[in-house]
Every structure is written in C-alpha cells, then in structure tokens.
Amino acid sequence: MPLYLSKFSYTPETWARLINNPEDRRKAAQAYIESVGGKLHGFWYAFGTHDGYNLWEAPDNVSMAAVALAISGGGALSAFETTVLLSVEESMEAMRQAARIRYQPPGAAQQPEVTVD
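This text gives an overview of the structure that appears in the document. (Residues numbered from 1 in each chain as written. Predicted model: local features only at pLDDT ≥ 70, side-chain atom pairs only at ≥ 80, totals over all residues. Heavy atoms only, no water.)

### What to know about the overall build of the protein chain
Within the protein chain, the secondary structure is distributed over 4 helices and 4 strands. In the protein chain, the order of α-helices and β-strands from amino to carboxyl end is β-α-α-β-β-α-β-α. At 21 Å, the protein chain has a C-alpha radius of gyration far larger than the 13 Å of a compact globule built from 117 residues. In terms of overall dimensions, the protein chain has a C-alpha envelope of 75 × 40 × 25 Å along the principal axes. The buried share of the protein chain, reckoned over its 117 residues, is 25%. Taking all contacts inside the protein chain whose residues are at least 6 apart in sequence as the whole, residues at least 24 apart take part in 62%. On the protein chain, roughly 8500 Å² of surface is accessible, and the fraction owed to carbon and sulfur atoms is 57%. (Helix = DSSP H or I, 4+ residues; strand = E, 2+ residues; numbered from the N terminus. Rg over C-alpha atoms; globule rule 2.2 N^0.38 Å. Buried < 20%, exposed > 50% of the residue type's maximum accessible area, 1.4 Å probe, protein only. Contact = heavy atoms within 4.5 Å. Areas by Shrake-Rupley, 256 points an atom, 1.4 Å probe, with all protein chains shown as cover.)

### Some points on the side chain of Asn54
For Asn54, the position within the fold is in strand β3 (residues 52-57). Not counting residues up to four positions away in its chain, the partners in contact with Asn54 are Tyr4, Leu5, Ser6, Phe8, Leu40, Gly42, Phe43 and Trp44.

### A look at the layout of surface pockets
Over the atoms, a rolling probe the size of a water molecule traces out where space has been left empty. Roughly 350 Å³ of volume is contained in the largest pocket. Tyr10, Arg25, Tyr32, Ala76 and Leu77 are the residues nearest the centre of the largest pocket, which is lined by 21 residues in total. Looking at the lining of the largest pocket, the elements with two or more residues in it are β1 (3-10), α1 (12-20), α2 (26-34), β3, α3 (61-72) and β4 (77-85). Grouping the constituent residues of the lining of the largest pocket by class yields 13 nonpolar, 5 polar and 3 charged. (1 Å grid on protein atoms, 1.4 Å probe; cavity = no way out; pocket = protein on both sides within 12 Å on 5 of 7 lines; lining within 4 Å. Points joined across faces, edges and corners; volume = space filled by probe spheres on them. Nonpolar A, V, L, I, M, F, W, Y, C, P; charged D, E, K, R; others polar.)

### Some points on the sheet that holds β1
With respect to topology, 4 strands assemble into an open sheet ordered β2-β3-β1-β4, the strand pairing being antiparallel. Bordering the open sheet on either side are β2 (39-45) and β4, each of which pairs with just one other strand. Put simply, the sheet's adjacent strands are angled 15° from each other on average, direction ignored. One ladder, built from 6 bridges, connects β1 with β3; its direction is antiparallel. Across the sheet, residue Leu5 finds its bridge partner in β3, namely Leu55. Against the sheet, α2 engages β2 and β3, with an angle of about 150° to β2. (Pairing = 2+ DSSP bridges. Axes fitted to C-alpha atoms, helices over the stretch in contact; angles between N-to-C directions.)

### Focus on the pattern of salt bridges
Throughout the structure, instances matching the rule amount to 4 salt bridges. In this structure, Glu23 engages Arg25 in a salt bridge whose closest nitrogen and oxygen atoms are separated by 2.9 Å. Under the relative-accessibility criterion, Glu23 is labelled partly exposed at 44%. (Salt bridge = Lys/Arg side-chain N within 4 Å of Asp/Glu carboxyl O.)

### Some points on the packing of aromatic side chains
How two aromatic rings sit relative to each other is set out by the distance from centre to centre and by the angle between their planes. Here the structure, examined in full by the defined rule, presents 7 aromatic pairs. Taking the centre distance of 6.2 Å and the plane angle of 75° together, the rings of Phe8 and Tyr45 count as edge-to-face. Separated by 37 residues along the polypeptide, Phe8 in strand β1 and Tyr45 in strand β2 bring together distant segments of the chain. The class for Phe8 is buried, based on a relative accessible area of 3%. In this structure Tyr45 comes out as partly exposed when scored by relative accessible area, which is 41%. Ring centres of Tyr10 and Tyr45 lie 6.1 Å apart, and the angle between their planes is 45°; on these two criteria the pair is classed as tilted. One end of the pair, Tyr10, is in strand β1; the other, Tyr45, is in strand β2, with 35 residues separating them in the sequence. (Phe/Tyr/Trp six-rings, centres within 6.5 Å; stacked < 30°, edge-to-face > 60°.)

Here it is as structure tokens:
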C-alpha cells in the first residue's frame, strides 16, 4: 500500500481547546485512516512551519484523499498538506521510464514558418 506524509497546523482555537483539555490525537488519526482500510505509522508534533506530521498507509490515493478531505473539512486545522511517498524501487522504475521519454523544453520544438503578406 502507498505511504503518505501529511503536514498539519492547528488553528489558534484548536490549540486553546487542547491546552484546556489535552488529548492524544493519535487515536482519532488512527480511526480516520483505519476507516478506509489504511494504517497510521506515526504521529508527531514539531516546531517550525507545521505543528505536526503523520505517516499514513492507505489502499490508494482516493482513500487517502477522503481522509484528508474529512480532516480538512472539520475546521480544526489551518493547514493540511499530504505528499505521496515513493519507495526507492518505485523511484528507480520512474527513472527507467523517464529515460524513454523524449522531453522538449518550451520553445525547443521547431516552429512552422509563418509568412506575412
């Protein structure tokens, strides 16, 4: 199953609620991902741009998107970003496929001549 890294930030109101009534939000995150057949691999709080990070496993992108939408729609977060993680093997396969693609940067293709009368 694919892995996903989510970065999130709480609203000031959410932090105020957690300060007044501390709770382990890992349990809620675990329930959300398990509801779509996935697994929570980690939940961390952090200093910096984002308040926390989750490492999830989900059956597919649609399942993970459903979890992300449900969480984002709840109103407790000011930011929620999810990144699909690729294994080394998947990345190597992508590199092999990329080698077969003949990319042309914009403007590099030969333009047809246009004559003005």
